[in-house]
Structures are given as C-alpha cells and as structure tokens.
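Spelled out from the first residue to the last, the chains are:
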Amino acid sequence: MAQHQHKGGGHGHDHHHHDDHGAGHHELSYWRKYIFSVDHKIIGIQYGLTALCFLFFGFSLMMIMRWQLAYPNKPIPVIGSLFPSFFPGGAMAPEMYNAFGAMHGTIMVFLGVVPMLVGAFGNYVMPLQIGAPDMAFPKLNMMSYWVYFCGGVTMLASFFVKGGAAQSGWTSYAPLSVITQPHQWGQTMWLIGMVFLITSSLLGSINFITTIVQLRAKGLTMFRLPFFVWAQFVTSFLLLLAFPPLEAAGILQLMDRVAGTSFFMPEGLVVSGQMQSYTGGGNPLLWQHLFWFLAHPEVYVLILPAMGMVAEIIASNTRKALWGYRTMVYSIIFLGFMSFIVWAHHMFITGMGQKMAAFFATTTMIISIPSVVILTAMVITLHGASIRFNVPMLFALAFLPMFAIGGLTGLPLGLPVSDIQLHDTYYVIGHFHYVVAPGTIFAIFAGIYFWFPKATGRMMNEALGKVHFVLSFIFINVAFMPMFFQGLAGVSRRLADQTGYAHGNAVQGLTRMSSWGAWMLGLSQVPFIINFFVSMFAGRKVSENPWESTTLEWSAPSPPPHGNFKSTPVVHRGPYEYGVPGIAKDYFPQHQAGAEA
C-alpha cells in the first residue's frame, strides 16, 4: 500500500525505483515538495499556516470594529491615519463598518476555523491515526488546498475594488445583496470566493470519506477508530451533503447580480421610492432556506472536529479510556443527521407559521441532547483521574464550560416565543461566539500544542503556553459575556453606533468593556505567536511519543517521513487502552502486539 501511494506521490519523476522510498531516485524539487505537494502532512501544514493568517486578519478586522462601537465616530488610533482611503478623517464610516462585519464573519468561519479544523488537523492527523500512508487521492488533496487559497485571495482582494468589500453581512441576504449591484463589486467577488471555498470543501470531504473507509490499517475496525477520526468522518458527510445547496444558491445569486435574473428578487420591489423594473417571480426566503440549510450543519462542521480533538487530549491526559466511547460515537452520528433538520430556527420571524415553527423548535431541542451526552461523557472521563495539567489539557478543559455556555444560551433562540425578542440582538452574537470562539478556537489551540511535537519533533514552551492560556481564558470572557446583557437590553447587532438609541446608550459601558476585552485578547496571543515560531526551530527535541499516548499517530517518527510509518502498522485493540492490568506501562498502544491481541 505504501509503495502504491508513493507511486502516486512521486508520479512523473522516476518510473524505475519506487521501492526504495526516495533513496535512489530523483529528489522532488522544492516546488513539488513544499508548494505543490501531494503529501497529506505538507498540505495539512499549508492549510494550518494559511488558516492561522486568515484568523489573525479576521480578528484584526473585529478589533478595529470594536473601536467604532466603543468610541463611535472617533478617529481610530494608528490604523485610521495609516489607511486614509479606508477611513476618511481617520474614523470608520457605517458602510465600512458593514463591510468589516460581513468580512469578519466570512473570514473567521470559512477561511479560518473550518480550514484549520478539517483542512489542517484533519489532513495531518487523520491518515496517521488510521495507519494510512497518505490520503486516498493525493492530487485531489493538493487541489482542495489551492482552490481554498484562490477563494481566500478573491475574498481579500474585494477590499480593494470599486465600492469596497461585501456589505450584506456574512449571510449575504437577498434582496439587499442583489440591489447593491451597480457600484458594488465586492459582493460579486464574495460570491465567487464562496464558490471556490465550497468546491474546496467538497473535494476534501470526498477524499476524507474514501480514505477512512478504504485505507484503515489491518485490524482497525470502525469501533477501534479514535474519536477524532469519527468526528472527521461525520463532518465530511455534513460538508458533502450541505455545501452543494449553497453552491447552487451562490451561482443563482451571482446570476441575479450580473445577468439580470431574479431568482431571489420579489415582484414589485421598491428601493428608495423607485419600483425596480428587473425583478419578478423570485423569493428572498429561498436564499435564506438554501443558506441556512448549509450554515446550520456548518456550525457542527466547526464543533465536531473540535470535540474530537478535545476527546483525544482528555483521554491522553487523564490516562483513562473515554467513558462511553460507543455512546459518544452514536451521539456524533445522530448529531450529524439531526443538523440537517433544524435550519429554519434561524427563520422564526419570516412568518413560516405555527406548525413549521413548532417542528423546528422541537428538532432544535432534540439536537441539544447528543451534544450534552458527549460533554457529559468527557466530564465523567475526568472523574477520579489523576489529570496532567499541561497546556493542551488546560485548553481542552476550558473548552467544556465555554461550549456548555454557548449551548445553553442557544436554547432560548430555539424557541419561537423567546427568539422573536432576541433575534438579531447582541444576545445571538454572544451565543454563537461562545460556541465558536472560546469553544472551537480553544480546541484549535489545544490541538496545536498537542500535535506540534508530532509535526516538528519539538515541544512548545510550557510556561509561555500557560501564560497564553490564562490571559486568553480571562479576556475571551470579558469580550463576550457582556453581549448577553446588551442583547437582553434590546441592542441590535450590526449597528455601527448604538448610542443613537436610548436603550443602546444605557449599556454603552458594557460595549466598552467588551471592546477592551477583545483588544486584551488580541495582546494575549503574542506569547502564542512567539512560542509557535521560536519552538519550531529551538524547542526541546522529543521522542515520537512525548505524551505516552496509545493511538497510531504516535507510533510514527516525529516528524513522519514520506509514507508515514517505518513498517505498516497492525492494530490489536481499541484506541484508549490506559492503565491495563498486567501491563508494565500505564498505556498500551494500539499497534503493540501482546495480551488480548
């Protein structure tokens, strides 16, 4: 299998020596080895570094927006004078605030978190965990990265075109996103960028499903898979089934913008007192249905791999098997299935009628159950364990209450009665940021600290990591907790200046608190950035299994060579055999022959 994969990877360079794994034949050029690589590990690192850059950029947009919210229409320090074309007079215009808001959401979700969790960790760790020499389709894998890269560049370039970047929110609701047509190229580029990003995810998900089904090591049955692999497997199905409707919708909206069609433009639309002549027969609600049919499963695309990573780290650092592993697997499959039938809870105030609202409210309550099962299983795993409080474990532990807050605050939004009051207020922003910021981003940090030694052969600095954790944990709560109270006070989201309203002015102090929390959170990432780059070259060198974990990726050298394993691994047992009676060490790796083989 390894030789066959090698043939796929080294195609076109040498047709004679394929058995010697690079010993005798032409060395791949720098471009083929690191830029247009077909090795899943290099592609995973490419995804990771690109996604980290996008996360940093998306976060920077938000920090600038927070200045406008905290000190409305005051010149922005430093940035305002550096970019006078974006900020006339140094202050932020409402249009620019809208553009930053739309791009912040889009970049963080589609260019940051998903590529990080699925593209980077999925690509790097999953083939190692199933004992595969590479992905099933290495060239398709390379293509998925480059299509994502093109989508990202298209999105970023939209800041510099006539009319600026997209201004219709990260959801791009019609008819607003269509009627900005004449002078707004950014919205068109947003749609083109989305088509690229969706295509990338589809290529990746087909590859992931095939790899997990076909390339597992001998003895690795489905119920011996690490929980992280299960999470990636279910996530790939979500991407494969939920993204095509949005790709179709994106192309239809593109036609509405550039070709004069009216898929989403209703009859008799009046804009600024003028009846629009080119519209007719379309339905703006159709866009909402198609968008949320993707974007609700998308939330689980963010959270399932995060849960998978946290589960791996908890098992390794409690030195115990995951409690209720099978139940967790069934829960994650059920969660994936249910995520397709809750999308319209985003649309309770579109007038869908009582019966439909009751259906979607019911499914929304049901979908919270498997999440609670998974969280509970992780908490029970902690019970009675002698926990190692290293940096990955601290982030993994923090994930649990943060995700729980995100989930609990979502319940009132799943009921039409309370949602009508809370819809489109800061409460909603607080809710989903608790899921995707302290939730998902903490899981990403946990994963980086945990698998960094596997990718580089070096450890990240523990002291700097703990500083990063403590500061991030404090300030992420300072940034997001006030939003619940702003929302309950009735402050609408997407307002560039809330002080024009009495109820907004009354909670302006909370807005400032939130802004200061966000800026301090930005500063809290400095220790991480230093740690990350310094450790890459000067970190403490470690063996192939520094955490003494049981899953297959820790049996490969660090960093793994082309083909991953020195010899093809064979699996003898489940993924979390810790503290097995009669075994000298407190861990029993999956590939090690011996008792209960």
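Position numbers for residues start from 1 in each chain and track the written sequence from start to end. Since the coordinates come from a predicted model, pLDDT governs what is reported: local features require at least 70, and pairs of side-chain atoms require 80 or more to be given and counted, while whole-chain, interface and lining totals use all residues. Neither water nor hydrogens contribute to the side-chain values; these are computed over all heavy atoms in the structure.

Asks: Provide a residue-level description of the overall build of the protein chain, including the pertinent values.
Replies: Strands here are runs of E lasting at least two residues and helices are runs of H or I lasting at least four, both read from the DSSP assignment and numbered beginning at the N terminus. Across its full length, the protein chain carries 19 helices and 2 strands. In terms of overall dimensions, the protein chain is globule-like: its C-alpha atoms have a radius of gyration of 25 Å, near the 25 Å expected for 597 residues. Overall, the protein chain is about 80 × 55 × 55 Å in size when its C-alpha atoms are taken along their principal axes. Sorting the 597 residues of the protein chain into buried and exposed places 58% on the buried side. A fraction of 77% describes how many contacts in the protein chain between residues 6 or more apart in sequence connect residues 24 or more apart. Here the accessible surface of atoms and residues is derived via Shrake-Rupley with a 1.4 Å probe, and residues count as covered only by protein chains that are part of the display. A total of about 23,400 Å² of accessible surface is found on the protein chain, and carbon and sulfur atoms cover 70% of it. Under the convention used here, Asp and Glu are negative, Lys and Arg are positive, and both His and the chain ends fall outside the count. Just so you know, the charge point we use is NZ for Lys, CZ for Arg, CG for Asp and CD for Glu. Each charge class in the protein chain can be summarised by its mean position, and for the 28 positive and 22 negative side chains these summaries are 5 Å apart. Atoms counted for the radius of gyration: C-alpha only. Globule rule: 2.2 Å times residue count to the power 0.38. Exposure categories follow from relative accessible area, calculated using a 1.4 Å probe and restricted to protein chains: below 20% of the type maximum is buried, above 50% is exposed, and the middle band is partly exposed. Whether two residues are in contact is decided by their heavy atoms, any of which lying within 4.5 Å being enough.

Asks: Provide a residue-level description of the side chain of serine 236, including the pertinent values.
Replies: Mapping serine 236 onto the fold places it in helix H9 (residues 227-258). Once you skip the residues sitting within four places of it in the chain, serine 236 turns out to touch Ser205, Phe208 and Ile209.

Asks: Outline the side chain of arginine 493, listing residues and values.
Replies: As for its placement among the helices and strands, arginine 493 is situated in the loop between helix H16 (462-488) and helix H17 (502-506). With residues up to four places along the chain from it excluded, the contact list for arginine 493 reads Trp170, Asp424, Thr425, Tyr426, Val428, Ile429 and Phe432.

Asks: Account for unusual backbone geometry, with residues named and values stated.
Replies: Omega for the peptide link from alanine 174 to proline 175 comes to 0 degrees, which places this bond in the cis form. Mapping proline 175 onto the fold places it in the loop between helix H6 (138-157) and helix H7 (176-179). Backbone torsion omega between serine 558 and proline 559 reads -10 degrees, so that peptide bond is classified as cis. Structurally, the position occupied by proline 559 is in the segment after helix H19 (526-538). Positive phi, normally seen in glycine, also occurs at serine 272, with a value near 50 degrees. Classification of serine 272 by relative accessible area gives exposed; the value is 74%. Phi at arginine 494 takes a positive value of approximately 65 degrees, unusual for a residue other than glycine. Structurally, arginine 494 is set in the loop between H16 and H17. Residue classification places arginine 494 among the partly exposed positions, given a relative accessible area of 40%.

Asks: Residue-level account of empty space enclosed by the protein, with values.
Replies: The way it works is a 1 Å grid over only the protein atoms, where trapped points that fit a 1.4 Å probe form a cavity and open points with protein on both sides within 12 Å along at least five of seven lines form a pocket, and then any residue with an atom within 4 Å of a point lines it. Grid points are joined across faces, edges and corners, and a volume is the space filled by probe spheres set on the points. Scanning the entire structure with this criterion turns up 3 cavities of 30 Å³ or more. Space inside the largest cavity adds up to approximately 190 Å³. Lining the largest cavity are 19 residues, and of these Tyr47, Val114, Val118, Ser200 and Ser201 lie nearest its centre. If you list the elements that add at least two residues to the lining of the largest cavity, you get helix H5 (94-129), H6, helix H8 (185-214) and H9.

Asks: Help me get a handle on helix H13 (residues 391-410), residues and values and all.
Replies: What a helix should span is 1.5 Å times the count of its residues minus one. For H13, spanning 20 residues, the distance from its first C-alpha to its last is 29 Å, which sits close to the expected 28 Å at 1.5 Å a residue. Across the 20 residues that make up H13, a large majority, 15, are buried.

Asks: Tell me about helix H15 (residues 426-456), and name the residues and values.
Replies: One turn of an α-helix holds 3.6 residues; hence residues three or four places apart share an orientation. The bend at a residue is defined as the angle formed between two axes, one fitted to the seven residues ending at that residue and one fitted to the seven starting there. Of all the bends in H15, the greatest, near 40 degrees, is centred on histidine 433. Most of H15 is tucked away, with 28 of its 31 residues classed as buried. Following H15 by one or two positions, glycine 457 has its phi on the positive side, about 80 degrees.

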